[in-house]
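# Remarks on the overall topology
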Amino acid sequence: MLVVLSTTGALAGEITVQIPGGNEKIGAETFGDIAYFSVSDLAGVLGHRISWDIPGLSAELTVNRHSVVFYINSPYVNLDDTVKNVTFPIEIKRGCIYAPIQTALPIIDVISPERIVWDNDRHLIRVSSEYYTITDMALSEKANGLLIELFVSEPKEFELYQSEGNWLNITIPDATVNSRQLISRKSSTFMRDMNVFQFEASSQISLRLRKPFGKITHRFTANPGRIQISLIDTTAMPVVSAGPDRVVGPDDHIDKVVIDAGHGGRDYGAIGLDGTQEKKIVLDIAKRLAKLIRKEKIFEVVMTRDKDDYVPLDERARIANESGGDVFISIHANASLKRSARGFQVFFLAPALNDEARAAAQLENAVFLSEQTAFGAHEGDDLSMILSDMIQNEFQEESSDFAAMVDREFRKDLSKHTRARGMDQAGFFVLNGVYMPSVLVESAFLTNEQDEKLLKSKDYRQDVAESIYAGLKRFKAKYENK
Ligand SMILES: [Zn+2]
């Protein structure tokens, strides 16, 4: 905790953030009599991503496809492509970014799916998910047409009408729509164009579909509340299934967790200085996590392996997808030629942005590459090329959000033992084939003496499992309450 001797006495070290499901504390400071909050901490609480563009100079807070860029010592911030003035300069202290509460919080509110307000009387930040009545949209292709689902926070009347050029218009009186979230679901697979309008007395969502649609049916479904509109394609041929239904947007529930213990069998994974095998350590963590989950029965568990078996990476993805998993967690332990390298880290799938993240991915991908080479595929290909070609993951935003939540729990529970290396992105093959939000955790370094000791201790492995589980519950709470 930070202790601040402020002349106003208004803020001493931290402020409360009231979020659905409990209160959290974040860092607060007073600079020149003005109350500031830690943007880094708030991002952590909300599960958003913040990263340095230029370390010590500018940092970017990313929420879905929107961002705010903060410049240290400047009162100007970039909200997507527009410049905003927060009146007082952004500050940095002990590596955390601080912004003035009254003027910067409304800017974060604009890009957040949650409503974020400063309660000046009670001196706390209130976050509520009830800001919008239309919170999200999902589109899924069915054998005989298209299903459009609008997620609503309460039952709503609605009107449908078609207009020239395959436009389908949905009008919902007395509603507020999270336009940014809905627009982020715009997908060229299903539509040519999409507009979202917020009028004073209603919201309108207009979709320009790829082909004329025949019959329309609609209904309201609860848990979660959704307006479901089925466009039945009368020209569709009897089903020729082309794999799983294509889906954009959230599923109804997050209730099945796929736990992937890395390596196994003839693939030992990393080997510690003391001979500790990654495959054994990670299987133990996976089993501890499975036990925690089974005990509380909030989620169902699927394991890609529960004993010392060799399971190829594509087989792991197949198990995950065919089980209908909602979220995927791959558990590993890291290794490095640098014996001083230590700490835990959480990754999600996206092209690696730095050498360390690339190294972690290369290490975990090694088995896949040796298999592929054995069959003559990809021979001579540059690793980074294969990765960048393969990375097409529409769950990137959810995965990044999930990674941030797990990372945050790790920092709470594990950083007293070892270094927090933060979250990062890299191209992991095991995640690439998985059709659901997914993360890969590196629980610590087997090649570091202190870390290897930690990994060999039951307590640390239990802490890792418990932190992952806490992150999982956080993720469920956020995505099911949207
Ligand atoms: Zn591994």
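Above this text you will find the structure in question.
Values in this document were obtained by computation on a predicted structure and should not be read as measured data. (Residues numbered from 1 in each chain as written. Predicted model: local features only at pLDDT ≥ 70, side-chain atom pairs only at ≥ 80, totals over all residues.)

## Topic: the sheet that holds strand 6 (residues 66–71)
We count it as follows: When DSSP finds at least two bridges between two strands, those strands are taken to pair. Every helix listed is a DSSP run of H or I at least four residues long, and every strand listed is a run of E at least two residues long, numbered separately from the N terminus. Throughout, an axis means a line fitted to C-alpha atoms (over the contacting stretch in the case of helices), and angles, computed between N-to-C directions, take values from 0 to 180 degrees. Each residue is represented by a C-beta atom placed from its backbone, and any two residues with such atoms within 7 Å are regarded as in contact.
Spatially, 5 strands are ordered 4-5-6-7-8 in an open sheet, and the strand pairing comes out antiparallel. Edge positions in the open sheet fall to strand 4 (49–54) and strand 8 (82–85), since each of these has one partner strand only. Going from strand to strand, the sheet's axes swing by 25° on average, the running direction of each strand aside. Pairing between strand 7 (residues 76–79) and strand 8: 4 bridges, direction antiparallel. Residue pairing across strands places Val77 opposite Lys84, the latter belonging to strand 8. Helix 1 (residues 39–46) rests against strand 4, strand 5 (58–63) and strand 6 of the sheet, and its axis sits at about 140° to strand 4. Packed onto the sheet, helix 2 (residues 101–111) meets strand 5, strand 6, strand 7 and strand 8 and runs at close to 155° relative to strand 6.

## A few points about the sheet that holds strand 25 (residues 344–349)
The 6 strands lie next to each other as 23-22-24-27-25-26, forming an open sheet whose pairing is mixed. Strands at the two margins of the open sheet, each flanked by one partner only, are strand 23 (300–303) and strand 26 (420–426). The sheet shows a mean angle of 20° between the axes of neighbouring strands, direction not considered. Where helix 4 (residues 278–296) meets the sheet, it contacts strand 22 (256–261), strand 23, strand 24 (327–334) and strand 27 (438–445), and its direction lies at approximately 145° from that of strand 24.

## Description of helix 5 (residues 313–322)
Where we set the bar: Exposed residues have 12 or fewer other C-beta atoms within 10 Å of their own C-beta, buried residues have 20 or more, and partly exposed residues fall in between, where C-beta atoms are placed from the backbone. Directions from the helix axis toward the C-beta atoms define the arc.
Within the span of helix 5, buried status applies to Leu313, Arg316, Ala317 and Ala320. Buried residues of helix 5, viewed axially, fall in a sector of 95°; they line one side.

## Section: the nonpolar core
What counts, and what does not: In these notes, a nonpolar core means any group of buried Ala, Val, Leu, Ile, Met, Phe, Trp, Tyr and Cys residues linked to one another through C-beta atoms within 7 Å.
Grouped together as the largest cluster of nonpolar side chains are 61 residues, with contacts concentrated most on Phe347 and Val439. For Val439, the residues in contact, after removing those within four places along its chain, are Ile329, Val346, Phe347, Phe348, Ser399, Phe402, Ala403 and Val406. With 32 residues, the next largest nonpolar core counts Ile19, Ala43, Ile50 and Phe70 among its residues.

## Description of the packing of helix 8 (residues 396–414) against helix 11 (residues 458–480)
Rules: Orientation is classified from the angle alone, with under 35 degrees giving roughly parallel, over 145 giving roughly antiparallel, 65 to 115 giving roughly perpendicular, and any other angle giving oblique. Take the far helix as your reference; a near helix turned counterclockwise from it by less than a right angle gives a left-handed crossing, and one turned clockwise gives a right-handed crossing. Gly counts as polar in this scheme, as do all residues outside two lists: the nonpolar Ala, Val, Leu, Ile, Met, Phe, Trp, Tyr, Cys and Pro, and the charged Asp, Glu, Lys and Arg.
Interaxial distance between helix 8 and helix 11 falls to 8 Å at its minimum, and their mutual angle equals 140°. Taken as axis vectors, helix 8 and helix 11 run oblique relative to one another. Like other packed secondary-structure pairs, helix 8 and helix 11 cross with a definite hand, here right-handed. In this structure, helix 8 uses Phe402, Met405, Val406, Glu409, Phe410, Asp413 and Leu414 to contact helix 11, whose residues at the interface are Asp463, Val464, Glu466, Ser467, Ile468, Ala470, Gly471, Arg474 and Phe475. Class assignment of the residues belonging to the contact of helix 8 with helix 11 gives a composition of 9 nonpolar, 2 polar and 5 charged.

## Let's talk about helix 4
Put simply, the rule reads: Expected helix span is taken as 1.5 Å per residue step, with the number of steps being one fewer than the number of residues.
For helix 4, built from 19 residues, the straight-helix expectation of 27 Å at 1.5 Å per residue is met to within 8% by its first-to-last C-alpha distance of 28 Å. Looking at helix 4, one finds that the buried residues are Glu278, Lys279, Ile281, Val282, Leu283, Ile285, Ala286, Arg288, Leu289, Ala290 and Ile293. Tucked into the core, helix 4 has its buried residues touching strand 22, strand 23, strand 24, strand 27, helix 10 (449–456) and helix 11. Phi for Lys297, located one or two positions after helix 4, is positive at around 60°.

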